[in-house]
Amino acid sequence: MRCENPPDFAKRGGLIPAIAQDCETGEVLMVAYMNEESFARTLELGEAVYWSTSRRELWRKGETSGNSQLVRAIYLDCDGDALLLKVAQRGGVACHTGRRSCFFRTRADGAWRELEK
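For clarity, every value in this text was computed on a predicted model and none was experimentally measured.

Parameters at a glance
Residues numbered from 1 in each chain as written. Predicted model: local features only at pLDDT ≥ 70, side-chain atom pairs only at ≥ 80, totals over all residues. Heavy atoms only, no water. Helix = DSSP H or I, 4+ residues; strand = E, 2+ residues; numbered from the N terminus. Buried < 20%, exposed > 50% of the residue type's maximum accessible area, 1.4 Å probe, protein only. Contact = heavy atoms within 4.5 Å. Areas by Shrake-Rupley, 256 points an atom, 1.4 Å probe, with all protein chains shown as cover. Salt bridge = Lys/Arg side-chain N within 4 Å of Asp/Glu carboxyl O. Patch = residues over 30% accessible without salt bridge, like charges linked within 9 Å, V, L, I, M, F, W, Y side chains within 5 Å. Phe/Tyr/Trp six-rings, centres within 6.5 Å; stacked < 30°, edge-to-face > 60°. Core = buried A, V, L, I, M, F, W, Y, C linked by side-chain atoms within 4.5 Å.

Engineer: Honestly, the overall build of the protein in this entry has me stumped. Any pointers?
Structural biologist: Across its full length, the protein holds one helix and eight strands. Its C-alpha atoms give the protein principal-axis dimensions of about 45 × 35 × 30 Å. Burial statistics for the protein: of 117 residues in total, 36% are counted as buried. Across the protein, the fraction of contacts at a sequence separation of at least 24, relative to all contacts at a separation of at least 6, is 38%. Carbon and sulfur atoms make up 48% of the accessible area of the protein, which amounts to about 7,500 Å² in all.

This is the structure:
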């Protein structure tokens, strides 16, 4: 079935969340944002390109670190305002802290605890 509804970048001021998930393991690696330009570049390159909300510029994942993300599939949520990118993580590290995933803290016994690296 073909669907002609593109991502709705206008809904949230031009940015939509993009969740990067390991295409092999299903592990959630990170959450970033995309605008229309970063989405178009991602489609063009086959590698994840995000919008850096802190630097206010396009950010090709791995450009400086070498830890790039090859995009294997892209899913659009039911409201058209969030993306799920199934990626092959090159370099093994998605997080700027040096961890594989940005989700390395867990809530346990009333406190936040860091998981092992």
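Read on, since the account is not over.
Engineer: Please explain the pattern of salt bridges as it appears in this structure.
Structural biologist: Oppositely charged side chains can form a pair if their charged atoms are brought close together. Summed over the entire model, instances satisfying the criterion amount to nine salt bridges. In this structure, E114 engages R99 in a salt bridge whose closest nitrogen and oxygen atoms are separated by 2.9 Å. With a gap of 15 residues between them, E114 in strand 8 (residues 111–114) and R99 in the loop between strand 6 (83–89) and strand 7 (105–108) connect regions that are remote in the sequence. Judged by relative accessible area, E114 falls into the exposed class, the value being 53%.

Engineer: Just checking my understanding: could you explain a nonpolar patch on the surface for this structure?
Structural biologist: Residues V28, V31 and F103 make up a contiguous nonpolar surface patch of roughly 250 Å² in combined accessible area. In this fold, V28 is placed in strand 2 (residues 28–34). Here V28 falls in the partly exposed class, since its relative accessible area comes to 34%.

Engineer: Sorry if this is basic, but what is going on with the packing of aromatic side chains here?
Structural biologist: Describing an aromatic ring pair means giving the distance of the ring centres and the angle of the ring planes. Taken as a whole and judged by the stated rule, the model has two aromatic pairs. A ring pair is formed by F9 and F39, whose centres lie 5.9 Å apart and whose planes are at 50 degrees; its orientation type is tilted. Placement of the pair is F9 in the segment before strand 1 (16–22) and F39 in helix 1 (residues 36–45), with a sequence separation of 30 residues. The same class applies to F9 as to F39, namely buried. A centroid spacing of 5.3 Å and a plane angle of 45 degrees characterise the contact between Y50 and W59, whose relative ring orientation is tilted. A relative accessible area of 0% places Y50 in the buried class. For W59, a relative accessible area of 24% puts it in the partly exposed group.

Engineer: Looking at this structure, I do not really get the nonpolar core. What am I missing?
Structural biologist: Nonpolar side chains tend toward joint burial in soluble globular proteins. Core analysis: the largest hydrophobic core is formed by 16 residues, its most contacted members being A18, M30, M34, Y50, L83, L85 and V87. Of all elements in the fold, only strand 1, strand 2 and strand 6 reach the threshold of two or more residues within this core. With four residues, the top contributor of residues to this core is strand 2. Those residues in contact with L85 that sit more than four places away from it in its chain are A18, I19, A20, Q21, M34, A48, Y50, V71, A73 and I74.

Honestly, that's just the spatial picture; any functional story needs more than this.
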